[in-house]
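Each chain, letter by letter, is given below.
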Amino acid sequence: SQYSAVDTNPLSVYIMQPIWNKIIKIVPLWIAPNLLTFSGFVMILVNYFLISFYDWDYTASGSSPGLVPTWVWLFSAFTTFCAYALDSIDGKHARRTQSSTPLGELFDHGLDSWATSIFLLSFFSVCSRDNGKTGISVYTMYIYLSIVLFNFMCSHWEKYNTGVLFLPWGYDISQVVLIAAYLLTAAGGVEVWQKPFLFGYYITDALVILLIGFSFFLSFPQTLYNIHRAHLKKTLKNDSLCEGLLPLVSPLLLFILLTVWVVLSPGNILEKQPRLFLWMVGVTFSNVTCKVIICQMSSTQPELLHWFLFPLALVVYTATSGLLGWMEEAVLAVFTALVTAAHVHYGVCVGRQLSEHFNIYIFSLKKRVQE
(Lines give C-alpha, C1' and ligand atoms only; values in the text may rest on other atoms or scores of the structure.)
Protein backbone atom coordinates (compact mmCIF):
# COMPACT_ATOMS: atom_id res chain seq x y z
CA SER A 1 0.00 0.00 0.00
CA GLN A 2 1.15 3.55 -0.67
CA TYR A 3 2.63 5.23 2.40
CA SER A 4 0.83 8.37 3.47
CA ALA A 5 1.49 10.40 6.59
CA VAL A 6 0.12 13.70 7.79
CA ASP A 7 2.09 16.01 10.07
CA THR A 8 0.24 19.02 11.47
CA ASN A 9 2.45 19.83 14.46
CA PRO A 10 3.54 23.51 14.30
CA LEU A 11 6.85 22.71 16.05
CA SER A 12 7.60 20.18 13.33
CA VAL A 13 6.28 22.21 10.39
CA TYR A 14 7.83 25.61 11.21
CA ILE A 15 10.97 24.82 13.18
CA MET A 16 12.22 21.26 12.74
CA GLN A 17 11.42 20.60 9.07
CA PRO A 18 13.51 23.57 7.84
CA ILE A 19 16.42 22.26 9.96
CA TRP A 20 16.07 18.74 8.51
CA ASN A 21 15.91 20.16 4.99
CA LYS A 22 19.31 21.77 5.60
CA ILE A 23 20.84 18.66 7.19
CA ILE A 24 19.63 16.36 4.41
CA LYS A 25 21.74 18.24 1.87
CA ILE A 26 24.96 16.99 3.45
CA VAL A 27 23.98 13.30 3.31
CA PRO A 28 25.78 11.65 0.37
CA LEU A 29 23.42 10.21 -2.25
CA TRP A 30 25.05 6.76 -2.13
CA ILE A 31 23.99 6.17 1.50
CA ALA A 32 20.96 3.89 1.91
CA PRO A 33 18.08 5.46 3.90
CA ASN A 34 17.84 2.36 6.12
CA LEU A 35 21.43 2.96 7.15
CA LEU A 36 20.38 6.37 8.52
CA THR A 37 17.44 4.82 10.38
CA PHE A 38 19.59 2.06 11.83
CA SER A 39 22.45 4.38 12.84
CA GLY A 40 19.99 6.48 14.84
CA PHE A 41 18.68 3.39 16.60
CA VAL A 42 22.19 2.15 17.41
CA MET A 43 23.01 5.54 18.96
CA ILE A 44 19.93 5.28 21.21
CA LEU A 45 21.03 1.77 22.27
CA VAL A 46 24.64 2.78 22.97
CA ASN A 47 23.39 5.69 25.06
CA TYR A 48 20.98 3.43 26.96
CA PHE A 49 23.68 0.89 27.83
CA LEU A 50 26.06 3.66 28.83
CA ILE A 51 23.53 5.11 31.27
CA SER A 52 22.66 1.60 32.53
CA PHE A 53 26.34 1.04 33.27
CA TYR A 54 26.46 4.05 35.59
CA ASP A 55 22.93 3.71 36.96
CA TRP A 56 21.60 0.16 36.82
CA ASP A 57 18.92 0.52 39.48
CA TYR A 58 17.82 4.12 38.81
CA THR A 59 19.21 5.45 42.09
CA ALA A 60 22.30 7.37 40.91
CA SER A 61 20.58 10.74 40.50
CA GLY A 62 18.74 10.53 43.81
CA SER A 63 20.94 9.01 46.49
CA SER A 64 24.39 9.78 45.07
CA PRO A 65 24.25 12.75 42.69
CA GLY A 66 27.37 13.02 40.57
CA LEU A 67 27.64 9.26 40.13
CA VAL A 68 26.80 9.74 36.45
CA PRO A 69 29.53 11.95 34.92
CA THR A 70 28.45 15.19 33.22
CA TRP A 71 29.79 14.00 29.86
CA VAL A 72 27.24 11.16 29.89
CA TRP A 73 24.36 13.67 30.00
CA LEU A 74 25.96 15.69 27.18
CA PHE A 75 26.42 12.48 25.21
CA SER A 76 22.72 11.66 25.87
CA ALA A 77 21.64 15.04 24.49
CA PHE A 78 23.89 14.52 21.45
CA THR A 79 22.71 10.96 20.69
CA THR A 80 19.06 11.90 21.21
CA PHE A 81 19.40 14.80 18.79
CA CYS A 82 21.21 12.64 16.22
CA ALA A 83 18.64 9.85 16.47
CA TYR A 84 15.82 12.40 16.15
CA ALA A 85 17.51 13.98 13.12
CA LEU A 86 18.22 10.63 11.43
CA ASP A 87 14.68 9.43 12.08
CA SER A 88 13.34 12.64 10.55
CA ILE A 89 15.49 12.65 7.42
CA ASP A 90 15.47 8.96 6.47
CA GLY A 91 12.17 9.30 4.59
CA LYS A 92 13.26 12.51 2.87
CA HIS A 93 16.52 10.83 1.85
CA ALA A 94 14.57 7.83 0.49
CA ARG A 95 12.54 10.18 -1.73
CA ARG A 96 15.72 12.01 -2.76
CA THR A 97 17.38 8.77 -3.84
CA GLN A 98 14.10 7.35 -5.22
CA SER A 99 14.45 4.33 -3.00
CA SER A 100 11.22 4.47 -0.97
CA THR A 101 10.03 0.92 -0.28
CA PRO A 102 7.66 -0.76 2.16
CA LEU A 103 10.79 -2.32 3.68
CA GLY A 104 12.03 1.17 4.56
CA GLU A 105 8.70 2.13 6.08
CA LEU A 106 8.59 -1.02 8.18
CA PHE A 107 12.23 -0.62 9.19
CA ASP A 108 11.60 2.95 10.30
CA HIS A 109 8.38 2.33 12.26
CA GLY A 110 9.55 -1.03 13.61
CA LEU A 111 12.69 0.50 15.12
CA ASP A 112 10.67 3.49 16.35
CA SER A 113 8.33 1.14 18.20
CA TRP A 114 11.34 -0.19 20.13
CA ALA A 115 13.18 3.13 20.47
CA THR A 116 10.11 4.72 22.09
CA SER A 117 10.58 2.67 25.26
CA ILE A 118 14.39 3.01 25.25
CA PHE A 119 14.16 6.83 25.17
CA LEU A 120 12.03 6.74 28.30
CA LEU A 121 14.14 4.15 30.11
CA SER A 122 17.19 6.35 29.58
CA PHE A 123 15.33 9.43 30.72
CA PHE A 124 14.21 7.81 33.99
CA SER A 125 17.86 7.94 35.10
CA VAL A 126 17.62 11.72 35.11
CA CYS A 127 14.70 11.81 37.57
CA SER A 128 15.91 8.80 39.60
CA ARG A 129 13.56 6.55 41.51
CA ASP A 130 11.71 7.58 44.62
CA ASN A 131 13.93 7.71 47.69
CA GLY A 132 11.35 9.21 50.04
CA LYS A 133 12.31 12.78 49.20
CA THR A 134 12.64 13.11 45.44
CA GLY A 135 12.33 11.05 42.30
CA ILE A 136 9.46 9.06 40.87
CA SER A 137 8.38 5.61 42.00
CA VAL A 138 9.03 2.57 39.82
CA TYR A 139 5.26 2.18 39.53
CA THR A 140 4.99 5.67 38.08
CA MET A 141 7.72 4.68 35.60
CA TYR A 142 5.70 1.64 34.59
CA ILE A 143 2.50 3.65 34.12
CA TYR A 144 4.40 6.36 32.25
CA LEU A 145 5.94 3.79 29.90
CA SER A 146 2.58 2.08 29.34
CA ILE A 147 0.92 5.38 28.39
CA VAL A 148 3.66 6.25 25.90
CA LEU A 149 3.55 2.79 24.31
CA PHE A 150 -0.25 2.93 24.21
CA ASN A 151 0.02 6.24 22.33
CA PHE A 152 2.45 4.78 19.84
CA MET A 153 0.21 1.77 19.35
CA CYS A 154 -2.79 4.05 18.83
CA SER A 155 -1.28 5.96 15.93
CA HIS A 156 -0.62 2.65 14.13
CA TRP A 157 -4.02 1.25 15.05
CA GLU A 158 -5.44 4.41 13.53
CA LYS A 159 -3.43 3.84 10.35
CA TYR A 160 -4.64 0.23 10.31
CA ASN A 161 -8.20 1.60 10.16
CA THR A 162 -7.79 4.76 8.07
CA GLY A 163 -4.77 4.00 5.89
CA VAL A 164 -3.17 7.30 6.92
CA LEU A 165 -0.56 7.78 9.63
CA PHE A 166 -1.33 11.00 11.49
CA LEU A 167 2.01 11.74 13.10
CA PRO A 168 1.36 12.29 16.81
CA TRP A 169 2.20 15.80 18.03
CA GLY A 170 3.81 14.32 21.09
CA TYR A 171 6.74 12.95 19.09
CA ASP A 172 8.54 16.18 18.18
CA ILE A 173 7.67 17.79 21.50
CA SER A 174 8.98 14.81 23.47
CA GLN A 175 12.27 14.74 21.54
CA VAL A 176 12.88 18.45 22.10
CA VAL A 177 11.96 18.11 25.79
CA LEU A 178 14.32 15.11 26.16
CA ILE A 179 17.26 16.95 24.60
CA ALA A 180 16.56 20.03 26.75
CA ALA A 181 16.31 17.85 29.89
CA TYR A 182 19.71 16.23 29.24
CA LEU A 183 21.33 19.62 28.57
CA LEU A 184 19.73 21.03 31.73
CA THR A 185 21.05 18.08 33.74
CA ALA A 186 24.55 18.49 32.27
CA ALA A 187 24.50 22.22 33.06
CA GLY A 188 22.92 22.21 36.50
CA GLY A 189 23.56 18.70 37.74
CA VAL A 190 20.85 16.20 38.70
CA GLU A 191 20.02 18.47 41.66
CA VAL A 192 17.89 20.52 39.24
CA TRP A 193 15.30 17.75 39.33
CA GLN A 194 15.30 17.52 43.09
CA LYS A 195 14.33 21.08 43.86
CA PRO A 196 10.68 22.17 43.69
CA PHE A 197 10.39 24.72 40.90
CA LEU A 198 6.77 25.93 41.08
CA PHE A 199 4.29 25.87 44.00
CA GLY A 200 6.19 23.00 45.62
CA TYR A 201 5.97 20.88 42.44
CA TYR A 202 9.01 19.29 40.87
CA ILE A 203 9.86 19.40 37.15
CA THR A 204 9.23 15.65 37.02
CA ASP A 205 5.66 16.19 38.28
CA ALA A 206 5.12 18.73 35.52
CA LEU A 207 6.40 16.26 32.90
CA VAL A 208 4.14 13.47 34.17
CA ILE A 209 1.13 15.79 34.11
CA LEU A 210 2.08 16.99 30.62
CA LEU A 211 2.41 13.45 29.32
CA ILE A 212 -0.88 12.24 30.76
CA GLY A 213 -2.63 15.41 29.59
CA PHE A 214 -1.21 15.05 26.10
CA SER A 215 -2.24 11.42 25.86
CA PHE A 216 -5.76 11.59 27.13
CA PHE A 217 -6.77 15.04 25.93
CA LEU A 218 -4.90 15.33 22.65
CA SER A 219 -3.51 12.13 21.14
CA PHE A 220 -6.25 9.65 21.95
CA PRO A 221 -9.24 11.93 21.15
CA GLN A 222 -7.46 12.87 17.90
CA THR A 223 -7.12 9.19 16.99
CA LEU A 224 -10.83 8.51 17.65
CA TYR A 225 -11.80 11.66 15.75
CA ASN A 226 -9.72 10.67 12.70
CA ILE A 227 -11.28 7.19 12.68
CA HIS A 228 -14.75 8.68 13.10
CA ARG A 229 -14.11 11.07 10.20
CA ALA A 230 -12.95 8.21 7.98
CA HIS A 231 -16.10 6.33 8.97
CA LEU A 232 -18.30 9.28 7.90
CA LYS A 233 -16.40 9.62 4.62
CA LYS A 234 -16.74 5.85 4.13
CA THR A 235 -12.96 5.51 3.68
CA LEU A 236 -12.45 3.06 6.56
CA LYS A 237 -10.33 0.03 5.69
CA ASN A 238 -12.42 -2.29 7.87
CA ASP A 239 -16.19 -2.52 7.66
CA SER A 240 -16.90 -4.29 10.91
CA LEU A 241 -16.22 -2.98 14.39
CA CYS A 242 -14.70 -6.32 15.40
CA GLU A 243 -12.15 -6.18 12.63
CA GLY A 244 -11.33 -2.59 13.47
CA LEU A 245 -10.71 -3.37 17.13
CA LEU A 246 -8.82 -6.63 16.51
CA PRO A 247 -5.28 -5.14 16.70
CA LEU A 248 -6.02 -3.79 20.19
CA VAL A 249 -6.73 -7.22 21.73
CA SER A 250 -3.11 -8.40 22.11
CA PRO A 251 -1.67 -5.13 23.46
CA LEU A 252 -4.54 -4.88 25.93
CA LEU A 253 -4.04 -8.45 27.19
CA LEU A 254 -0.30 -7.84 27.33
CA PHE A 255 -0.83 -4.77 29.49
CA ILE A 256 -3.25 -6.66 31.77
CA LEU A 257 -0.82 -9.59 32.26
CA LEU A 258 2.13 -7.29 32.96
CA THR A 259 0.11 -5.21 35.39
CA VAL A 260 -1.07 -8.34 37.23
CA TRP A 261 2.58 -9.36 37.60
CA VAL A 262 3.59 -5.90 38.86
CA VAL A 263 0.75 -5.69 41.39
CA LEU A 264 0.69 -9.27 42.66
CA SER A 265 4.39 -10.14 42.54
CA PRO A 266 5.30 -11.70 45.91
CA GLY A 267 8.89 -10.46 45.57
CA ASN A 268 7.98 -6.97 44.31
CA ILE A 269 9.66 -7.68 40.99
CA LEU A 270 9.37 -4.10 39.72
CA GLU A 271 11.03 -2.71 42.87
CA LYS A 272 13.85 -5.26 42.65
CA GLN A 273 14.55 -5.19 38.91
CA PRO A 274 12.99 -2.06 37.41
CA ARG A 275 15.43 -1.85 34.50
CA LEU A 276 15.01 -5.48 33.44
CA PHE A 277 11.25 -5.42 33.83
CA LEU A 278 10.70 -2.16 31.94
CA TRP A 279 13.05 -3.27 29.15
CA MET A 280 10.98 -6.45 28.80
CA VAL A 281 7.77 -4.37 28.66
CA GLY A 282 9.27 -2.27 25.85
CA VAL A 283 10.41 -5.28 23.82
CA THR A 284 7.14 -7.20 24.07
CA PHE A 285 5.12 -4.12 23.11
CA SER A 286 7.43 -3.41 20.20
CA ASN A 287 6.94 -6.92 18.82
CA VAL A 288 3.16 -6.73 19.14
CA THR A 289 3.18 -3.31 17.42
CA CYS A 290 5.44 -4.55 14.60
CA LYS A 291 2.92 -7.26 13.77
CA VAL A 292 0.15 -4.66 13.57
CA ILE A 293 2.33 -2.47 11.34
CA ILE A 294 2.93 -5.42 9.00
CA CYS A 295 -0.79 -6.25 8.89
CA GLN A 296 -1.64 -2.64 8.20
CA MET A 297 0.96 -2.45 5.40
CA SER A 298 -0.02 -5.73 3.79
CA SER A 299 -3.76 -5.28 4.40
CA THR A 300 -3.96 -8.61 6.20
CA GLN A 301 -5.83 -9.42 9.36
CA PRO A 302 -3.79 -9.50 12.59
CA GLU A 303 -3.87 -12.64 14.70
CA LEU A 304 -6.12 -12.39 17.73
CA LEU A 305 -3.49 -13.50 20.27
CA HIS A 306 0.20 -12.75 19.93
CA TRP A 307 2.33 -15.81 20.83
CA PHE A 308 4.29 -13.87 23.51
CA LEU A 309 1.09 -13.86 25.56
CA PHE A 310 1.27 -17.61 26.22
CA PRO A 311 4.75 -17.89 27.79
CA LEU A 312 4.10 -14.57 29.57
CA ALA A 313 0.84 -15.87 31.05
CA LEU A 314 2.69 -18.95 32.30
CA VAL A 315 5.45 -16.84 33.88
CA VAL A 316 2.95 -14.44 35.47
CA TYR A 317 0.89 -17.32 36.85
CA THR A 318 3.87 -19.15 38.37
CA ALA A 319 5.34 -15.91 39.74
CA THR A 320 2.18 -14.47 41.31
CA SER A 321 1.04 -17.80 42.75
CA GLY A 322 4.34 -18.04 44.60
CA LEU A 323 5.47 -21.16 42.72
CA LEU A 324 8.66 -19.46 41.55
CA GLY A 325 9.61 -18.23 45.01
CA TRP A 326 13.15 -16.81 45.07
CA MET A 327 13.60 -17.69 41.39
CA GLU A 328 11.28 -14.91 40.23
CA GLU A 329 14.14 -12.54 39.33
CA ALA A 330 16.08 -15.26 37.51
CA VAL A 331 12.99 -16.23 35.52
CA LEU A 332 12.40 -12.56 34.63
CA ALA A 333 16.01 -12.34 33.39
CA VAL A 334 15.65 -15.48 31.26
CA PHE A 335 12.26 -14.42 29.89
CA THR A 336 13.63 -10.94 29.07
CA ALA A 337 16.61 -12.45 27.24
CA LEU A 338 14.34 -14.80 25.29
CA VAL A 339 11.82 -12.17 24.15
CA THR A 340 14.66 -9.80 23.20
CA ALA A 341 16.32 -12.55 21.14
CA ALA A 342 12.95 -13.50 19.59
CA HIS A 343 12.28 -9.86 18.69
CA VAL A 344 15.69 -9.39 17.05
CA HIS A 345 15.31 -12.70 15.22
CA TYR A 346 11.87 -11.64 13.99
CA GLY A 347 13.24 -8.33 12.73
CA VAL A 348 16.12 -10.00 10.89
CA CYS A 349 13.81 -12.58 9.27
CA VAL A 350 11.22 -10.03 8.13
CA GLY A 351 13.99 -7.79 6.80
CA ARG A 352 15.53 -10.67 4.87
CA GLN A 353 12.21 -11.78 3.38
CA LEU A 354 11.28 -8.27 2.29
CA SER A 355 14.71 -7.54 0.83
CA GLU A 356 14.45 -10.72 -1.25
CA HIS A 357 10.87 -9.97 -2.22
CA PHE A 358 11.64 -6.42 -3.41
CA ASN A 359 15.01 -7.45 -4.80
CA ILE A 360 16.91 -4.85 -2.75
CA TYR A 361 19.60 -4.82 -0.09
CA ILE A 362 18.67 -3.46 3.33
CA PHE A 363 21.76 -1.30 3.81
CA SER A 364 22.80 -0.58 0.27
CA LEU A 365 21.24 1.12 -2.74
CA LYS A 366 22.71 -1.48 -5.11
CA LYS A 367 20.12 -3.77 -6.67
CA ARG A 368 20.36 -7.51 -6.03
CA VAL A 369 21.43 -9.59 -9.01
CA GLN A 370 18.46 -11.65 -10.20
CA GLU A 371 19.08 -15.37 -9.77
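Not measured: the values here are computed from a predicted model. (Residues numbered from 1 in each chain as written. Predicted model: local features only at pLDDT ≥ 70, side-chain atom pairs only at ≥ 80, totals over all residues. Heavy atoms only, no water.)

With respect to the UniProt feature "transmembrane region" (unreviewed entry) in the protein chain
Part 1 of the reasoning: UniProt annotation of "transmembrane region" (unreviewed entry) refers to residues 26-50, 70-86, 136-154, 199-220, 241-264, 276-294, 306-324 and 330-348 when read in the numbering used here.
Part 2 of the reasoning: End-to-end, the C-alpha atoms of residues 70-86 are 24 Å apart, and along that stretch the chain is 100% helix and 0% strand.
Part 3 of the reasoning: A helix fraction of 100% and a strand fraction of 0% characterise residues 330-348, whose end C-alpha atoms lie 27 Å from each other. (UniProt positions renumbered as here; feature names shortened; annotations may be inferred. Helix = DSSP H or I, 4+ residues; strand = E, 2+ residues; numbered from the N terminus.)

Quick notes on the layout of surface pockets
One water molecule sets the probe size; rolling that probe over the atoms shows where empty space is left.
Part 1 of the reasoning: Counted as a void, the second largest pocket has a volume near 500 Å³.
Part 2 of the reasoning: As for the second largest pocket, its lining consists of 22 residues, and the residues nearest its centre are F107, L111, V344, G347 and V348.
Part 3 of the reasoning: Contributing elements (two or more residues each) for the lining of the second largest pocket: α2 (33-54), α5 (102-127), α11 (274-298) and α13 (328-357).
Part 4 of the reasoning: Across the lining of the second largest pocket, the residue classes tally to 17 nonpolar, four polar and one charged. (1 Å grid on protein atoms, 1.4 Å probe; cavity = no way out; pocket = protein on both sides within 12 Å on 5 of 7 lines; lining within 4 Å. Points joined across faces, edges and corners; volume = space filled by probe spheres on them. Nonpolar A, V, L, I, M, F, W, Y, C, P; charged D, E, K, R; others polar.)

Points about empty space enclosed by the protein
Part 1 of the reasoning: Counting across every chain of the model gives three cavities of 30 Å³ or more.
Part 2 of the reasoning: In this structure, the largest cavity encloses a volume near 90 Å³.
Part 3 of the reasoning: Taken together, L246, P247, S250, P251, V288, K291, V292, P302, E303, L304 and H306 make up the lining of the largest cavity.
Part 4 of the reasoning: Looking at the lining of the largest cavity, the elements that each hand over two or more residues are α9 (241-264) and α11.
Part 5 of the reasoning: In terms of residue count, the dominant contributor to the lining of the largest cavity is α9 (four residues).
Part 6 of the reasoning: The class makeup of the residues in the lining of the largest cavity is seven nonpolar, two polar and two charged.

Some points on the packing of α11 against α13
Part 1 of the reasoning: Between α11 and α13, the shortest axis-to-axis distance is 9 Å and the interhelical angle comes to 30°. Looking at the two axes, α11 sits roughly parallel to α13. When the axes of α11 and α13 are compared, the crossing they make is left-handed. Counting all contacts with α11, which are made through L276, F277, W279, M280, V283, T284, S286, N287, C290, K291 and I294, the residues of α13 involved are L332, A333, F335, T336, V339, T340, H343, Y346 and V350. (Axes fitted to C-alpha atoms, helices over the stretch in contact; angles between N-to-C directions. Parallel < 35°, antiparallel > 145°, perpendicular 65-115°, else oblique. Left-handed = near helix turned anticlockwise from the far one by under 90°. Contact = heavy atoms within 4.5 Å.)

Section: helix α1 (residues 10-23)
Part 1 of the reasoning: Across its 14 residues, α1 extends 19 Å between first and last C-alpha, which sits within 8% of the 20 Å expected from 1.5 Å per residue.
Part 2 of the reasoning: A maximum bend of about 45° is found in α1 at M16, where proline P18 lies one to four positions downstream.
Part 3 of the reasoning: Every buried residue of α1 is listed here: S12, M16 and W20. (Expected span 1.5 Å × (residues − 1). Bend = angle between axes of the 7 residues up to and from the residue. Buried < 20%, exposed > 50% of the residue type's maximum accessible area, 1.4 Å probe, protein only.)

Section: the state of the cysteines
Part 1 of the reasoning: Counting across every chain of the model gives zero disulfides.
Part 2 of the reasoning: The thiol of C154 is not disulfide-bonded; the next cysteine sulfur, from C290, is found 16 Å away.
Part 3 of the reasoning: Residue classification places C154 among the buried residues on the basis of a relative accessible area of 3%. (Disulfide = S-S within 2.5 Å.)

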